[in-house]
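Working through the structure, step by step
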Amino acid sequence: MFDLLIERFNKSLSKLSSTRKITEKQVNDVLREIRTALLEADVDYDVAKAFLKRVRERVLTEDLKKNISPTDSIVLTVYEELTNILGGEKADIKKGTVLFVGLQGTGKTTTIGKVAHFLKNQGFKVAVASTDVRRPAAMLQLEKLAERVGVPYYRFDETSPVSIAVKSKERALKEGMDYLLLDTAGRLHVDEELMQELKQIKEAVKPSEVLYVADAMQGQEALRVAKVFHETVPLTGVILTKMDGDARGGVALSVKSAIGVPIKFVGVGEKIEDLEVFYPDRIAQRILGLGDIQSLAEKAQQVIPEDEAQVLATKIMRGEFDLEDMLKQIRFIKSMGPLDKLLGMLPGIGAQLKNVKIDEKKFKKTEAIILSMTKEERKNPKIINMSRKVRIAKGSGTTVGDVNKVLKEYEEMKKAIKSMRGLLSGGSLPKFPF
Ligand code: GDP
């Protein structure tokens, strides 16, 4: 997600790093590169133009912030404007009936399952229902998903989408649900009948939210369709699916400006937990290569036992990080889910990981190698000489090359953690690493 932008922003902004004073020409050069990056990432042309205009005006007219260097000041401006076009604040989901609209195949049904799972985990009472009477298979798919998530699915022997919607709402109210997630008909193309049906459902149930589910891989086309929906049933938010498969992510930067509604969630995989709350400021940090510290910390909190986390955090803050800790990290991370997604959130290493396919088997190997070392060696890997490497390789059923790789990875991890330390101690806004 956003790999292209991360790489390009890093490249163009890092050019400013060695300069103390910044000329207008340098600003223009950097902005020109950012412009190309935005357009290549499929950001809407007008959105990109307006964004650059604002950044340029602010950089050239505002007093450079007093406590930070001119370079950091530019990065800060880009960060703030990027946060703005991503939607500014994090958007909530209002309690009540939530209508999901969008075209077939965008991931609408899967997304309802994911949102149900998310809200249930937050402690809310959630029920789901489908009004897609023309596609019994889609209804069945949602029913199965609801069963897996562990939330009720409301089924009625009805052929009218509007009656299903109304009856579902009545039942949800009676059963004291916080949310009723209501699926609507999926079509391959927008048509008049579909729009009329949506309008009627909307008028009948007065939803608290109308969420448009869009496939990020469809790029600007997804926005065009969203606008058509928005004209008939005013949307209150967008969920972008398949962000895991879209390295460009331009749609995410265009939604707010183009339609005027925020992105509430992004889908990042096929599994029920592959849904992320969309935090504009964190995404902006991620795009600027500053890492998504908060999201990572939140994920980590879910798995690392409190006291272990405390010990690890203290060690990291003190700059002590040995192979024993790396082993713990690997085990924690393994229990948190797909590694490439997690590592992508780490500051500084997200962009480098672009072409690296994370192999979970490799981590088993790493585990075996570290376990073959003595306690002393894990504390101080520098003492591992050639003959010990041979023994460790033998003990773990690997090669000396593998052992060397683990040691190198350890050094890299240590470096990444060091940069994270810088960020964590830099107050509310991270210190920029260039
Ligand atoms: P619907 O016709 O809009 O209801 O679409 P489905 O929910 O049936 O999803 C269509 C396909 O997209 C399925 O294969 C899903 O697993 C897949 N899908 C949905 N969301 C995501 C996502 O965020 N990432 C990826 N990679 N696949 C997704």
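Residues numbered from 1 in each chain as written. Predicted model: local features only at pLDDT ≥ 70, side-chain atom pairs only at ≥ 80, totals over all residues.

What counts is decided by this rule: UniProt positions are given in the numbering used here, feature names are shortened, and annotations may be inferred rather than shown by experiment.
The name recorded for the chain in an unreviewed UniProt entry is Signal recognition particle protein, from Hydrogenobacter hydrogenophilus. If you open the UniProt record of the chain and go to Function (unreviewed entry), you find "Involved in targeting and insertion of nascent membrane proteins into the cytoplasmic membrane. Binds to the hydrophobic signal sequence of the ribosome-nascent chain (RNC) as it emerges from the ribosomes. The SRP-RNC complex is then targeted to the cytoplasmic membrane where it interacts with the SRP receptor FtsY." Reading the Sequence similarities (unreviewed entry) entry of the UniProt record for the chain gives the comment "Belongs to the GTP-binding SRP family. SRP54 subfamily."

**Things to note about the overall build of the chain**
Note the threshold: Under the scheme used here, helices are H or I runs from DSSP no shorter than 4 residues and strands are E runs no shorter than 2 residues, and both carry numbers assigned from the N terminus. Around each residue's C-beta, the other C-beta atoms within 10 Å are counted; 20 or more make the residue buried, 12 or fewer make it exposed, and counts in between make it partly exposed. All C-beta atoms are placed from the backbone. Whether two residues are in contact depends on their C-beta atoms, placed from the backbone: they are in contact if these lie within 7 Å.
Within the chain, the regular secondary structure consists of 19 helices and eight strands. Within the chain, the proportion of its 434 residues that are buried is 40%. Relative to all contacts within the chain whose residues are 6 or more apart in sequence, the contacts with residues 24 or more apart total 74%.

**Details of helix H1 (residues 3–14)**
The condition is simple: How far a helix is expected to stretch is found by multiplying one less than its residue total by 1.5 Å.
Relative to the 16 Å expected for twelve residues at 1.5 Å per residue, H1 spans 16 Å between its end C-alpha atoms, a close match to the ideal helical length. The complete set of buried residues in H1 reads Leu4, Leu5, Ile6, Phe9 and Leu13.

**Section: the UniProt feature "domain: SRP54-type proteins GTP-binding" (unreviewed entry) in the chain**
Taking the UniProt record as the reference, the feature "domain: SRP54-type proteins GTP-binding" (unreviewed entry) is found at residues 262–275. Between the C-alpha atoms that bound residues 262–275 the distance is 16 Å, and the span itself is 0% helix and 43% strand.

**Section: the site of the ligand**
Put simply, the test is: Residue proximity rests on one test: whether the C-beta atom, placed from the backbone, lies within 6 Å of the molecule or strand. Under the scheme applied here, ten amino acids are nonpolar (Ala, Val, Leu, Ile, Met, Phe, Trp, Tyr, Cys and Pro), four are charged (Asp, Glu, Lys and Arg), and all others, including Gly, are polar.
Around the ligand sit 18 residues in total, of which Gly107, Lys108, Thr109, Thr110 and Gly267 are the nearest. The leading source of residues in the shell around the ligand is helix H5 (residues 108–121), at three residues. Class assignment for the residues of the shell around the ligand results in two nonpolar, eleven polar and five charged.

**A word on helix H6 (residues 136–149)**
Filter applied, for reference: For this quantity, the arc is that covered by the directions from the helix axis to the C-beta atoms.
With 14 residues, H6 ought to run about 20 Å at 1.5 Å a step, and its terminal C-alpha atoms sit 20 Å apart, in line with that. Among the residues of H6, those classed as buried are Met139, Leu142, Leu145, Ala146 and Val149. Down the axis, H6 shows its buried residues gathered within 125° of arc, on one side only. Facing away from the buried side of H6 by more than 90 degrees, the exposed set consists of Pro136, Ala137, Glu147 and Arg148. In this structure, the buried side of H6 is in contact with H5, strand S2 (126–130), strand S3 (153–154) and strand S4 (179–183). Taken from the residues just after H6, glycine 150 is the one with a positive phi, measuring 90°.

**What about the nonpolar core?**
Formally: Joining buried Ala, Val, Leu, Ile, Met, Phe, Trp, Tyr and Cys residues through C-beta atoms within 7 Å gives a set, and that set is a nonpolar core. Here the limits of each domain have been adopted from an automatic or database domain assignment.
Counting 88 residues, the largest nonpolar core has Ala116, Val128, Leu181, Val238 and Leu240 as the members making the most contacts within it. In this structure, this core is formed jointly by two domains, domain 1 (3–85) and domain 2 (96–280), each of which donates at least three residues. Leaving out residues up to four positions away in the same chain, alanine 116 has contacts with Val126, Val128, Ala146, Val149, Val151 and Leu181. Within the second largest apolar cluster, nine residues are counted, among which are Met326, Ile369, Ile370 and Val403.

**As for the packing of H1 against helix H2 (residues 24–40)**
The criterion, for reference: Geometry is summarised by axes, namely lines fitted to C-alpha atoms with helices restricted to the contacting stretch, and by angles between N-to-C directions that run from 0 to 180 degrees. Roughly parallel means an angle under 35 degrees; roughly antiparallel, over 145; roughly perpendicular, 65 to 115; everything else is oblique.
Between H1 and H2, the least distance of the axes is 9 Å, while the angle of their chain directions is 175°. Taken together, the axes of H1 and H2 are roughly antiparallel relative to one another. Of the residues in H2, those touching H1 at Leu4, Leu5, Arg8, Phe9, Ser12 and Leu13 are Val30, Glu33, Ile34, Ala37 and Glu40.

**Comments concerning the sheet that holds S2**
Applied cut-off: Any two strands between which DSSP finds at least two bridges are classified as paired.
Pairing within the open sheet is mixed, and its eight strands lie in the order S3-S2-S4-S1-S5-S6-S7-S8. One side of each edge strand has no neighbouring strand; the edge strands of this open sheet are S3 and strand S8 (275–277). For strand S6 (residues 237–241) and strand S7 (residues 263–267), the ladder comprises three bridges, and the chain directions are parallel. When the bridges of S7 are listed, leucine 240 appears paired with valine 266. Where H6 meets the sheet, its contacts fall on S2, S3 and S4, and the angle it forms with S2 comes to roughly 165°.

**Focus on the pairing of S4**
S4 sits mainly inside the fold: five of its five residues count as buried. Taking every second residue as pointing to the same face, both faces of S4 are buried, with Tyr179, Leu181 and Asp183 on one and Leu180 and Leu182 on the other. Judged from the five bridges that link them, strand S1 (residues 96–101) and S4 form a sheet pairing that is parallel. Paired with threonine 97 across the strands is leucine 180, a residue of S4. Summarising the sheet, S2 and S4 pair through five bridges and their orientation is parallel. Bridging from a neighbouring strand, alanine 127 pairs with leucine 180 of S4.

**Notes on the environment of valine 149**
You can see valine 149 is positioned in helix H6. Classification of valine 149 as buried rests on a count of 21 C-beta atoms within 10 Å. For the pair formed by valine 149 and isoleucine 272, sequence separation is 123 residues and the distance between their alpha carbons is 8.1 Å. Not counting chain neighbours up to four residues away, the residues in contact with valine 149 comprise Gly113, Ala116, His117, Lys120 and Ile272.

**Considering unusual backbone geometry**
Excluding glycine, residues mostly carry a negative phi; peptide bonds, for their part, are mostly trans. Despite not being glycine, aspartate 42 shows a phi value in the positive range, around 75°. Along the chain, the position of aspartate 42 falls in the loop between H2 and helix H3 (45–61). The phi dihedral of lysine 206 falls on the positive side, at around 40°, and the residue is not glycine. The residue lysine 206 is located in the loop between helix H8 (192–205) and strand S5 (209–215) in this model.

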